[in-house]
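Here's the letter readout for the chains.
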Amino acid sequence: MIEVLSVASEAYPLIKTGGLADVAGALPGALAGHGVTMRTLLPGYPAVMNEAGGARVVGEFSDLFDGRARLLAGRFAGLDLIVLDAPHLYDRQGGPYAGPDGMDWPDNWKRFAALSWVAGRLALGVVDGYQPQVVHAHDWQAGLVPAYVKYGPSDRVKTVLTVHNLVFQGHFGPDVFSRLDLPPHAFYEGIEYYGGVGYLKAGLASADALTTVSPTYAREIRTPAFGAGLDGLLNARANVLHGITNGIDTEAWNPATDPALVQTYGPSTVHKRAANKAAVRERFGIDQSAGPLFSVVSRLTSQKGIDLIASNVDWLVSLGASLVVLGSGDATLEATLEAATIRHPGRVGMVKGYDESLSHLIQGGADAILIPSRFEPCGLTQLYGLRYGCVPVVSRVGGLADTVIDANEAAVDAGVATGLQFSPVSSEVLGEAIHRTVSLYGREKVWRKLQRRGMKSEVSWDGSAKRYADLYRSLLGLERDEPAGD
Ligand code: ADP
């Protein structure tokens, strides 16, 4: 077995704000079948301490970035955890990164430097006899981990950094550097970023291997258009940069057993989705007679191309279709979509907010899910759409490009299409894709085939877990984990 320490600022089901939590929560279980034991280091936020508060103390620090801290170890919520209990850093109401007012915590530099520094100690094997062989850090919050290992007293341990979204970089002022307990030369060797300190940049410069969450995004981030200022560095490190597509939890997302559905179904009983469609329409006030039902389940932001959907609503309705939107985010986008619901009563409906159960019902009932993202590291909603026969209509970027097979005529004839892709990302081209979707929906046999084929797509964690396991093995100079006879 290979021992890997995962370092993350969130992990499902304990604490979640986005896809990072899903990955950090799912990987340990998925890796177990590939010869990897993964423990996870998490900050002791209140939600984590509620579970782990009484756990075994395996380490203590009298002064960890201006306060006392302890390390607690145990198995909670299905995860083998090491929790950094540092009340001065994490015991507060609000989110993992921002207070109740939505503003970033002003001491985030310290909160996540502490997490990363502690990971560096764990890498040394000085805590509780635990010695990881690989430390796998996630996003800017753990970006300093590879630097602490590289510049620490021993760099025997290999490091991997995974980028879930390159836009979030952990950029702080230059004064922070002297507090980080790193040697002065480290500053210009990779930690300096536009005159200040870049936590993600530090990780990108220092890790033995870099990964991101789809092969296309791995290529895109090496270009100025998607590189968020780091494309130069990513090009310099292209030989150690890999794209490994995320999977989904196929038990929680299973249309054959999903309790959130009015009617469960499988690929051979896809017609049963009609009962769910009726329920979605009822919930959103959509006329039962209206034609194809498009849906959106998303943060309402420009990244997700929600403005392009807003500018296509009248067109979509004119084609005889209807639209339901579940989400919240940018106030202007929310207002624009609300105005559309008033313009088109019975044809456009919206529920503002986050509703896990309703998101399942939508996937189980809507005909198509619109995802016109400007960039998308991996994306999960198209994977849920595939699994539920809710045909994904996606822009050809990042993980969307890698997971959906466009229903062009060749793919339809070959029976391999699973959704629709469009490019470039513009309102006009999205409009064409919506038109194309409505036409395909009208070809009932073709549409059913599209749904069935999508439902059979491989979206589980298994393939991705094997790739991570192979990466750890290659870093350690070990043989790959090939199944017998492969
Ligand atoms: P991102 O992490 O960039 O927001 P992803 O597609 O990777 O986008 O993941 C979004 C996740 O959040 C999916 O699981 C999606 O179903 C869920 N989600 C987004 N908005 C809502 C909402 N309003 N209600 C319920 N679930 C939502």
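Rules and cut-offs
Residues numbered from 1 in each chain as written. Predicted model: local features only at pLDDT ≥ 70, side-chain atom pairs only at ≥ 80, totals over all residues. Heavy atoms only, no water. Helix = DSSP H or I, 4+ residues; strand = E, 2+ residues; numbered from the N terminus. Rg over C-alpha atoms; globule rule 2.2 N^0.38 Å. Buried < 20%, exposed > 50% of the residue type's maximum accessible area, 1.4 Å probe, protein only. Contact = heavy atoms within 4.5 Å. Areas by Shrake-Rupley, 256 points an atom, 1.4 Å probe, with all protein chains shown as cover. Lys, Arg positive; Asp, Glu negative; His and termini not counted. Charge placed at Lys NZ, Arg CZ, Asp CG, Glu CD. Domains from an automatic or database assignment. Buried area = accessible area lost by both parts, 1.4 Å probe. Salt bridge = Lys/Arg side-chain N within 4 Å of Asp/Glu carboxyl O. Nonpolar A, V, L, I, M, F, W, Y, C, P; charged D, E, K, R; others polar. Near = heavy atom within 4 Å. Polar contact = N/O pair within 3.5 Å; in protein donor to acceptor, adjacent residues only side chain to side chain. Core = buried A, V, L, I, M, F, W, Y, C linked by side-chain atoms within 4.5 Å. Pairing = 2+ DSSP bridges. Axes fitted to C-alpha atoms, helices over the stretch in contact; angles between N-to-C directions.

Draft legend 1. Representation of the overall build of the protein within the structure. Assigned secondary structure in the protein consists of 20 helices and 18 strands. A compact globule built from 486 residues should have a C-alpha radius of gyration of about 23 Å, and the protein, at 23 Å, falls within 12% of that. C-alpha atoms of the protein, sized along the principal axes, occupy 70 × 55 × 45 Å. Buried residues in the protein amount to 60% of all 486 residues. Intrachain contacts of the protein at a sequence separation of at least 6 include 70% that bridge at least 24 residues. For the protein, the exposed area adds up to about 19000 Å²; of that, 51% sits on carbon and sulfur atoms. Positive and negative side-chain charges of the protein, numbering 43 and 51 respectively, have mean locations separated by a distance of 4 Å.

Draft legend 2. Broad picture of the domain arrangement of the protein. For the protein, the domain assignment lists domain 1 (2–247 + 461–476) and domain 2 (267–455). Using C-alpha coordinates to define each centre, domain 1 is positioned 34 Å away from domain 2. Contact with domain 1, which involves 16 residues of that partner, is made by 15 residues of domain 2. With both sides pooled, the region where domain 1 packs onto domain 2 buries about 1000 Å², and carbon together with sulfur makes up 63% of that total. Summed over the shared surface of domain 1 and domain 2, the result is zero salt bridges. Sorting the residues of the side of domain 1 that touches domain 2 by element identifies α1 (19–32) and α8 (215–220) as the ones contributing at least two each. Among the elements that make up the side of domain 1 that touches domain 2, the one with the highest residue count is α8 (four residues). For the side of domain 1 that touches domain 2, the per-class residue count stands at five nonpolar, eight polar and three charged.

Draft legend 3. The arrangement of the site of the ligand in detail. As a matter of local geometry, the ligand sits amid 16 residues, with R299, K304, G353, D355 and L380 nearest to it. The contact in question runs from a nitrogen atom of the ligand to an N or O atom on the backbone of G353, over 2.7 Å. Here an oxygen atom of the ligand sits 2.9 Å away from a polar atom, N or O, in the main chain of L380. Against a free-state accessible area of 560 Å², the protein chains account for coverage of 89% of the ligand. Broken down by element, the residue count for the shell around the ligand peaks at three residues, all from strand β13 (residues 293–300). Looking at the shell around the ligand residue by residue, the class counts come to five nonpolar, seven polar and four charged.

Draft legend 4. Summary view of the nonpolar core. With 83 residues, the main nonpolar core has L41, L71, L84, L180 and Y199 as its most contacted residues. Looking at this core, the element that brings in the most residues is helix α4 (residues 108–123), giving 10 residues. When sequence neighbours within four positions are dropped, the list of residues in contact with L71 reads L41, R56, V57, V58, G59, F61, I82, V83, L84, V118, L122 and V127. Counting 37 residues, the second-largest nonpolar core is a separate cluster that includes I306, L316, V393 and V429.

Draft legend 5. Seen up close, the sheet that holds strand β17 (residues 391–395). The strand order across the open sheet formed by six strands is β15-β14-β13-β16-β17-β18, and the pairing between neighbours is parallel. Each edge of the sheet is formed by a strand with only one pairing partner; in this case those strands are β15 (348–352) and β18 (420–422). Mean inter-strand twist for the sheet, computed between neighbouring axes without regard to direction, equals 20 degrees. Across five bridges, the pairing between strand β14 (residues 322–329) and β15 is parallel. Each residue of the ladder has a partner; that of V325, found in β15, is M350. Lying over the sheet, helix α15 (residues 381–388) contacts β13, β16 (368–371) and β17, oriented at roughly 165 degrees with respect to β16.

Draft legend 6. Just the side chain of T212, in detail. Mapped onto the secondary structure, T212 falls in strand β11 (residues 209–212). Taking the relative accessible area as the measure of exposure, T212 reaches 0% and is therefore buried. The residues touching T212, leaving out its near neighbours within four places in the chain, are V163, Y217, A218, I221, H242, G243 and I244.

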